[in-house]
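Residues per chain, in single letters:
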Amino acid sequence: MVCVIEGLIAFGTALLTIATMPYFDIITNTFILSSVCFLPSVLQLAFQIRSLSAVIVRPLLSLVFVILGFVCFGVVNSLSHGKDFSDKNLYIGLAAGAIVLSSLNWWENFTSLSKSETIQSIRKQLMHSRNITNICTSITRIVVIAAVVGGYVPLANMKWNDITTTDIEDVKLALSLFAIQVGTSALCHWFGVIACKMHTIRSSFILPMLFTSPVVLVSFLIVFGLNYKAAQDISFAANLTITLADVCNSTLPSLTSSQQMEIIFSGIIQSICNKTAIEWQDQQATSIALLTVAVVSWWMGFILSTAYVWKMKIDRIQRTSQLFVRRMFEAAFINESMLLNTRMQHSCSDAKKEHVTIYLCATMWHETLDEMIKILTSIFRLDRYHQNKKGRKEEFDFQAHIYFDDAFIETIDELTGKKQSQVNEYVEDLVVAMNEVYSVFTAEERSQLLSDPKLKSTAQKIMDSPYGGRLSYTLPHGNSLIVHLKDKQQIRHKKRWSQIMYLYYLLGWKLYRKHAIEMDQQTESKEKITEKLEKERMNTYILALDGDTDFQPSALMLLVDRLRMYPHVGAACGRIHPTGTGPIVWYQKFEYAVGHWLQKTAEHVLGSVLCSPGCFSLFRAAALMDDNVIKTYTRKATEAQHYVQYDQGEDRWLCTLLLQQGWRVEYNAASEAYTNAPEEFKEFYNQRRRWVPSTLANTLDILQNGQSTAKVNPSISRPYILYLIMITASAVLIPAAMTLMIAGSFSFVFGWRGDVSIVISVIPPVLYIIVCYKLKPDTQIFIAAFLSALYAFLMTATICSVIGQMIAEKTFITPSGMFLLSMSTLYLFSGLLHPQEFYLLSYAFIYFIASPSGYLLLTIYSIVNMNIVSWGTRESATPKQRQQQEETTNLHECFNKQCHFFCCDCRIQITDNRKVVILNPHPQPLSECKSLEAARTSEALEAARTCDTPSAYENVSISKHWVNQMKEKSSYVQLQEDIMDDDESCFWVGLISKYLEPIAEDKTQQEKVKKDLQSLRNKVSFFFFLMNALWIVATFFLQVIGTPLSVQIPRVYLNGTVSYKDPLYVEPLGFMFLVTFALLLVIQFFALLYNRIYTLIHILAFVGTQKNRSSLTKYLENSSDEPTPKTLKRFWENLSPKASEQNGTLTYANIYTL
């Protein structure tokens, strides 16, 4: 049926544009297209007439105006009887019929008002088979239009042979007009969609579409008026009186110097003269008036038929399929097509309507006080922003969590001589930072807090927990911040296990458990509960943060937009800015910029981002709870490869799991966050020593399973896999390329032959490889720093040598010259596309001279030391060593309760001093357990049963030592002792027993893992260095052989002339590398352009939906009773010695900026 309708539409459109419109004047043709709103008006009236309300007035008037337009047009034609216009009656009838058929185009949009189940069923089926339907309807349209053209030619007494005798200039003009029509229609459609996404729908979409026809009419009249004025000037010189008819019959001078434009202008004038009532002297005024009424009636009918568009309410970056019903548009009447194709009853997507819950999860270990202040300030900013968003469309709930690794140390009580547990100095710093930030934000909003008894009386809590301890804060605007203090004697430490800890706690305990209880209590049907669970999974997000991340609320909301709007997106990351001072940080700033500008954007546009960094990334709960994601993520490393892939880059591995499950990972350049970067050479090398092998391992994992991943993940296509292969090959061979580039500088500066230069340039890397195998890591880094300084001087000479070579040879078409110019041009244009980051180009010189260190020495250091799996950063300060805590057996028991949770038996024992949770040494086999990611099934609803413990447990006191220590440090924020809920305590016991028990040290296993890691290192390094060696050796022998095997490139001189007699000779491997490198740059640059356009759209849409600053902020700036900005600024500067650092966003202005 759809194909039949599309065939009728194609027949009507072809009949209108090919057969009838050529017989009408250009003014009529401009406005008769507005009458395609005929059937939409009829459908609106038919489906809404039962209501007998004011809503039927618009379609009724629209229908009346369209009919009135045709009546007036027919009357105008009747007045022309006997003046060679008698055949127009037939064409008016054909035009009316063609208009009716063409207006079927938007039946799907306006039948949405129908309550007929049959019609709605057809629309639903069409929605689910849109792609195949579009293919079939397109073929149908082509066939029908071809048939109309084939039948019209003989009926119009035309001959196909006339095409071959057409003047070439006429053919060029026709093709040019056709190209202009196609191009402008496509651009109009694209800009119309963009205007809607940017929330400028009224000013940039509706008004331009409505006034297109009047503007075109005015332009035609201007052309005719210029012609009339020229005729008047001639008649004035001859002392004659001129009429409109004389204008049409006169021969006037050209209005333009362009022959093609003169033909167009002449055609416009002749169309107005020969096919309207201008020449009818006796009834000229009446005919022109009727024609005016006709065109105005059609236009008014179109305006009334599309008046519903003015009431559209759209979301940021609304999906095109939710803005317009049909993906295709009618180029013949683009403005009418766009407005009538806009959804009649626009509604936001289901995900957009659902309430969103966001969990902020930061992991900490050895962060400094300044770094802690950054993350806390960001959380408090979000708390205030959330208050301003209550009651609005984008309202959300959030809860912040900080997971502090290795928070406890053991000490000896000087009075009793017993061991006791207390928190380390970093936790004390966190409490101090919390006091200071809390005091700043509550001082700023003191007047509001004092008037809110609920906030005023809120007490902050401190309690013991099965994993260590917990601090629970209520933020000034009612949101929660929970600090989980981990004791590595009770729970597994390191970042990945902290992530597993909060994933199961937030997604299992908080999200899944409540639905399991509803299922047990049978409060609703099983289907409804499962549906509610699925919706909440889709609309619950986890923001992964590092302990030093600084971000604005807007950055988070921009990421939320991506997940809200696109349900297939499992994670989204933003633009990360490294902060700090010194050459190492300057190098990283430009490196991060280039990585995001080119690599991240290319991954986002071409396929999917491979790594969403753990310092600032938003994950969807449904993606994390999917099969083989969170369950696989809990896997303990048992093989050498696991240690490299799992723990050295946990964020990249998590993204690999998401991609292999079919989820998409996106990059949003508008969302910006700041994190501290290593400032020391050693810390930087150790950080990258983890990242390089992890990146290589996960990329190879994706490539190895590329075929299966592409089947389940639409974002991973075969061309994208080819792109990844090219990128990976370039990354593997970059040390060889860097060595050869250094050899080129030797050859030019010292005049050495190419083969000699290659041999000399290879010596330092080879020696450094030997050093890395034989000496300790600290010594390796020291030597790398020394060589980096030497290479920096050499690279400076290289720049000069490349420029000198181009000047000496009078051409820039040299391998080194092309490389330098292409990179410089690419970085320059990339910087221009990022105006706010353009200053980062000032670090390009440091980046270039440090490239041998970053791409040669660092790569060697990372590959040779990949058997070292320690974290490598923030390890300067080591907490005191703790011994295993002795079990206390002489406690007087007040309560003893057995419970079962997560397939583990546990006993909660309450004594006079504290609560003790004792695990059953013989838990049930893990095979009998139910995994959290099986929450969709009915069996999984039995996995979250809670323990039943008496309320008397709540009255038992807890251990006082570390609690008292926290109370002493927390001066501004008062901490009140509390006890963890028994059900939650039992949950933690089961979770720790199953996934997070501390890993016992097994020297035998450690030795085995050490040997396996060394074996893996040897295999990988052998292959890696062999590939680079083969490349260098092949280049060496090609240099020795000389020109017979070289590729000849014409010499292009600086003045633009090309010489084939004196070509440049490039060895084939170098030429292949240059071509591949250039291809990658072109791909990445065009991906960057595409991404920048849509990033701009997102930014403008976000700004357009934000309100002005709250009245509270304005009040504080002008209130004499509150602390003045100068006072708070001095306080903040005294608090942190680095508070004035611009890129660290610790400035006073940024703290109070929403």
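Residue positions are given per chain, counting from 1 as you read along its sequence in written order. Selection of residues for local features in this predicted model requires a pLDDT of at least 70, selection of side-chain atom pairs for listing and counting requires 80 or more, and totals for whole chains, interfaces and linings are taken over all residues. Remark: hydrogens and water are excluded; side-chain values derive from all non-hydrogen atoms of the structure.

**Some thoughts on the overall build of the chain**
Here is step 1: A helix here means a DSSP run of H or I that spans at least four residues, while a strand means a run of E at least two residues long, and both kinds are numbered starting from the N terminus. Of regular secondary structure, the chain possesses 44 helices and 18 strands.
Here is step 2: Accessibility here uses a 1.4 Å probe with only protein chains present; expressed as a share of the type maximum, an area under 20% marks a residue as buried, one over 50% as exposed, and anything in between as partly exposed. Expressed as a percentage of the 1154 residues in the chain, the buried residues total 52%.
Here is step 3: By the convention used here, residues are in contact when the closest approach between their heavy atoms is within 4.5 Å. Nonlocal contacts in the chain, meaning residues at least 24 apart in sequence, comprise 78% of its contacts between residues at least 6 apart.
Here is step 4: Only carbon and sulfur atoms are counted for the fraction: they give 60% of the accessible area of the chain, which is about 52,900 Å². For the accessible areas, the method is Shrake-Rupley and the probe is 1.4 Å, while residue cover comes only from the protein chains on display.

**Remarks on the pairing of strand β10 (residues 569-579)**
Here is step 1: Most of β10 sits out of view: eleven of its eleven residues are buried.
Here is step 2: Inspection of the sheet shows β10 paired to strand β12 (residues 664-676) by ten bridges, in the parallel sense. Of the residues in β12, the one forming a bridge with Thr579 is Asn676.
Here is step 3: A pair of strands is treated as paired once DSSP finds two or more bridges between them. The pairing of β10 with strand β11 (residues 616-620) spans three bridges and is classified as antiparallel. Looking across to β11, one finds that Cys573 is bridged to Ser617.

**Focus: the packing of aromatic side chains**
Here is step 1: Each Phe, Tyr or Trp ring (for Trp, its six-membered ring) is paired with any other whose centre lies within 6.5 Å, and the angle between the two planes then decides the class: stacked below 30 degrees, edge-to-face above 60, tilted in between. In the structure shown here, the tally under the stated rule is 38 aromatic pairs.
Here is step 2: Between Phe205 and Phe324 the ring centres are 6.0 Å apart and the planes differ by 70°, which places this aromatic pair in the edge-to-face class. One end of the pair, Phe205, is in helix α10 (residues 201-210); the other, Phe324, is in the loop between α15 (320-323) and α16 (334-341), with 119 residues separating them in the sequence.
Here is step 3: Under the relative-accessibility criterion, Phe205 is labelled buried at 0%.
Here is step 4: With a relative accessible area of 3%, Phe324 lands in the buried category.
Here is step 5: Among the aromatic residues, those joined into a cluster by ring pairs are Tyr587, Phe590, Phe681, Phe684, Tyr685, Tyr827, Tyr847, Tyr855 and Tyr861.
Here is step 6: Directly above the aromatic system of Trp497 lies the positively charged group of Arg492, at a separation of 4.4 Å from the ring centroid.
Here is step 7: Its end group placed over the ring of Tyr633, Arg496 keeps NZ or CZ at 5.9 Å from the ring centre. Cation placement over rings: the criterion is NZ of Lys or CZ of Arg within 6 Å of the ring centroid and within 35° of the ring normal.

**Concerning the side chain of Arg141**
Here is step 1: Mapped onto the elements, Arg141 comes out in helix α8 (residues 130-155).
Here is step 2: Beyond its immediate stretch of four places on either side in the chain, Arg141 contacts Glu6, Ile9, Ala10, Asn105, Arg326 and Glu330.

**With respect to the state of the cysteines**
Here is step 1: Two cysteine sulfurs form a disulfide in these notes if their separation is within 2.5 Å. Counted by the stated rule, this structure contains zero disulfides.
Here is step 2: Cys136 takes part in no disulfide bond, and the closest cysteine sulfur, belonging to Cys3, lies 5.1 Å away.
Here is step 3: Taking the relative accessible area as the measure of exposure, Cys136 reaches 34% and is therefore partly exposed.
Here is step 4: Note on Cys573: no disulfide assigned, nearest cysteine sulfur contributed by Cys655 at a separation of 7.5 Å.

**Observations concerning helix α23 (residues 526-538)**
Structurally, the α-helix is built with 3.6 residues per turn, so residues lying three or four positions apart point the same way.
Here is step 1: Over its 13 residues, α23 runs 18 Å from end to end, which matches the ideal 18 Å to within 8%, given 1.5 Å per residue.
Here is step 2: All buried positions along α23 are accounted for by Ile529, Leu533, Glu536, Arg537 and Met538.
Here is step 3: Those residues of α23 that are buried lie in contact with α22 (495-521), β8 (540-546), β11 and α26 (621-624). Take the residue count of a helix, subtract one, and multiply by 1.5 Å to get its expected span.

**Focus on the confidence of the model for the chain**
Here is step 1: For every residue, the predictor assigns a confidence score, pLDDT, that lies between 0 and 100. In this model, the chain carries a mean pLDDT of 79, and residues with pLDDT of at least 70 account for 78%.
Here is step 2: Ranking the helices and strands of the chain by mean pLDDT puts β11 first, with 96, and helix α44 (residues 1148-1151) last, with 29.
Here is step 3: For the stretch residues 346-352, pLDDT sits under 50, and the model shows 17 contacts to residues farther than four places along the chain or on other chains.

**Digging into the sheet that holds strand β1 (residues 356-364)**
Here is step 1: Read from one edge to the other, the open sheet built from eleven strands follows the order β9-β12-β10-β11-β8-β1-β2-β7-β6-β5-β16, with strand pairing classed as mixed. Edge positions in the open sheet fall to β9 (550-551) and β16 (975-977), since each of these has one partner strand only.
Here is step 2: Taken together, the five bridges between strand β5 (residues 460-465) and strand β6 (residues 468-474) define a ladder with antiparallel strand orientation. Counterpart to Met463 in the pairing with β6 is Arg470.
Here is step 3: Axis definition: a line fitted to C-alpha atoms, over the contacting stretch in the case of helices. Angles run 0 to 180 degrees between N-to-C directions. Docked against the sheet, α23 engages β8 and β11, running at close to 30° with respect to β8.

**Considerations on the environment of Val216**
Here is step 1: Relative to the helices and strands, Val216 resides in helix α11 (residues 212-237).
Here is step 2: Taking the C-alpha atoms as reference points, Val216 and Thr30, 186 residues apart in sequence, are found 7.5 Å from one another.

**Structural notes on a nonpolar patch on the surface**
Here is step 1: Like-charged residues within 9 Å of one another, or nonpolar side chains (Val, Leu, Ile, Met, Phe, Trp, Tyr) within 5 Å, are grouped into patches, provided each residue has over 30% relative accessible area and no salt bridge. The term salt bridge refers to a side-chain nitrogen of Lys or Arg lying within 4 Å of a carboxyl oxygen of Asp or Glu. Judged by side-chain polarity, Ile67, Leu68, Val71, Val75 and Val293 come together as a nonpolar surface patch covering roughly 360 Å² of accessible area.
Here is step 2: Here the nonpolar patch gets four residues from one element, more than from any other, and that element is helix α4 (residues 57-79).
Here is step 3: Inspection of the secondary structure assignment puts Val293 in helix α14 (residues 284-305).

**A look at α10**
Here is step 1: Burial in α10 covers these residues: Ile201, Phe205, Ile206, Met209 and Leu210. For α10, the angular spread of the buried residues around the axis is 110°, confining them to a single face. The arc under discussion is defined with respect to the helix axis, by the directions toward the C-beta atoms.

**Some details on the packing of helix α29 (residues 650-660) against helix α30 (residues 681-704)**
Here is step 1: Running from N to C, α29 and α30 point in directions that differ by 10°, and their axes come no closer than 10 Å. The orientation of α29 relative to α30 falls into the category roughly parallel. Contacts from Arg652, Trp653, Thr656, Leu659 and Gln660 in α29 reach Ser694, Thr695, Asn698, Thr699, Asp701 and Ile702 in α30.
Here is step 2: When residue character is reported, Ala, Val, Leu, Ile, Met, Phe, Trp, Tyr, Cys and Pro are called nonpolar, Asp, Glu, Lys and Arg charged, and the others, Gly included, polar. Per-class residue counts for the contact of α29 with α30 are three nonpolar, six polar and two charged. Each angle is binned into one of four classes, with values under 35 degrees roughly parallel, values over 145 roughly antiparallel, values of 65 to 115 roughly perpendicular, and all other values oblique.

**Topic: unusual backbone geometry**
Here is step 1: One non-glycine residue, Asp406, adopts positive backbone phi at about 50°.
Here is step 2: Note that Asp406 resides in the loop between β2 (396-404) and β3 (408-412).
Here is step 3: Given the relative accessible area of 7%, Asp406 is considered buried.
Here is step 4: Unlike most non-glycine residues, Lys494 shows phi in positive territory, near 90°.
Here is step 5: For Lys494, the location among the structural elements is in the loop between β7 (480-486) and α22.
Here is step 6: Owing to a relative accessible area of 46%, Lys494 belongs among the partly exposed residues under this scheme.

**Focus on the nonpolar core**
Here is step 1: We call a set of buried Ala, Val, Leu, Ile, Met, Phe, Trp, Tyr and Cys residues a nonpolar core when their side-chain atoms join them within 4.5 Å. Tyr502, Leu503, Leu507, Ile542, Trp988 and Leu996 are the most contacted members of the largest nonpolar core, which totals 72 residues.
Here is step 2: A per-element tally of this core places α22 first, with 13 residues.
Here is step 3: With sequence-adjacent residues up to four places away left out, Leu996 is seen in contact with Ile491, Arg492, Trp497, Ile500, Met501 and Leu991.
Here is step 4: Within the second largest apolar cluster, 66 residues are counted, among which are Met364, Val423, Ile462 and Ala555.

**Brief notes about the environment of Ser498**
Here is step 1: Checked against the element boundaries, Ser498 lands in helix α22.
Here is step 2: Among the residues examined, Ser498 registers a relative accessible area of 0% and is labelled buried.
Here is step 3: C-alpha of Ser498 to C-alpha of Ile402: the two residues are 96 residues apart in sequence and 9.6 Å apart in space.
Here is step 4: Residues contacting Ser498, with those up to four places away along its chain left out, are Thr363, Tyr403, Asp405 and Lys486.
Here is step 5: Polar contacts here mean pairs of N or O atoms no more than 3.5 Å apart (in protein, one a potential hydrogen donor and the other a potential acceptor; neighbouring residues in sequence count only if both atoms are side-chain atoms). At 3.1 Å, the side chain of Ser498 and the side chain of Asp405 are in polar contact.

**What to know about the environment of Val692**
Here is step 1: Mapping Val692 onto the fold places it in helix α30.
Here is step 2: Classification of Val692 by relative accessible area gives partly exposed; the value is 27%.
Here is step 3: As for Val692 and Ile863, which are separated by 171 residues in sequence, their C-alpha atoms are 7.7 Å apart.

**A few points about the pairing of β8**
Here is step 1: The element β8 is extensively covered by neighbouring structure, given that seven of its seven residues are classed as buried.
Here is step 2: Judged by which residues are buried, β8 turns out to be covered on both faces: Thr540, Ile542, Ala544 and Asp546 on one side and Tyr541, Leu543 and Leu545 on the other are all buried.
Here is step 3: Sheet analysis places β8 next to β11, joined by five bridges and oriented antiparallel. Bridge assignment links Ile542 to a residue of β11, and that residue is Phe619.

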